[in-house]
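Structure at a glance
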Amino acid sequence: MAQMDIVLFIVAGLLFFVGIVGCILPGLPGTPLCWGGLLCASFTSVCTVSWAVLIACAVITAIVEIVNNIVPAIFARRAGGSKEAAWGSIIGTFIGLFGLGIGMLLGEFLGAFIGEMIHDEKNVRHALAVAFWSFLGFITGVGLRLLTAFAFIIILFKGIGKL
């Protein structure tokens, strides 16, 4: 294997690593970074991933990113959430980053709940429903992005010839 192949695989590995983290953390384009890792690896002499597969994966990446941004809003809308709940969930997720893992999950849920309570302080039951649906939308988006990222990893491993 040539030195350039090694460099490309290291860059691809870093892109995949940061991409998987980005599938979970808001603000990082996880799925596009993983696709970039797949693209980078495709330029090595041992990877046989075709351009057709790369283009299909690029289209899937675009669809996943669009869906990831729409799903939480659809879920919150389903529960009748307000703009304050949407903003609360976004702010709560970013604040939750400091608590990592569980902090992000709690931050998103609590942010939507507090936002909805600001909108209508009398309806706690409704605010809980909005927070639940917003949380479910967040988890659905993360899951979709992770599934796509791991599918790209599988495609990469199937496309690698003998090392």
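Anyway, here's the lowdown on the structure attached to this text. (Residues numbered from 1 in each chain as written. Predicted model: local features only at pLDDT ≥ 70, side-chain atom pairs only at ≥ 80, totals over all residues. Heavy atoms only, no water.)

For the rest of this paragraph, the subject is helix H5 (residues 102-119). Along its 18 residues, H5 runs 26 Å from first to last C-alpha, staying within 8% of the 26 Å computed at 1.5 Å per residue. Among all positions of H5, only Gly103, Met104, Gly107, Glu108, Gly111, Ala112, Phe113, Gly115, Glu116 and Met117 are buried. Each element contacted by the buried residues of H5 is listed here: helix H1 (3-24), helix H4 (83-96) and helix H6 (124-159). (Helix = DSSP H or I, 4+ residues; strand = E, 2+ residues; numbered from the N terminus. Expected span 1.5 Å × (residues − 1). Buried < 20%, exposed > 50% of the residue type's maximum accessible area, 1.4 Å probe, protein only. Contact = heavy atoms within 4.5 Å.)

What follows concerns the packing of aromatic side chains. Going through the model one piece at a time under the given rule, you end up with four aromatic pairs. Between phenylalanine 43 and tryptophan 51 the ring centres are 5.9 Å apart and the planes differ by 70°, which places this aromatic pair in the edge-to-face class. By relative accessible area, which is 53% here, tryptophan 51 ends up exposed. With a centroid separation of 5.9 Å and an interplanar angle of 80°, the aromatic rings of phenylalanine 132 and tryptophan 133 are classed as edge-to-face. Among the residues examined, tryptophan 133 registers a relative accessible area of 22% and is labelled partly exposed. Taken together, the ring pairs in this structure connect Phe75, Phe132 and Trp133 into an aromatic cluster. (Phe/Tyr/Trp six-rings, centres within 6.5 Å; stacked < 30°, edge-to-face > 60°.)

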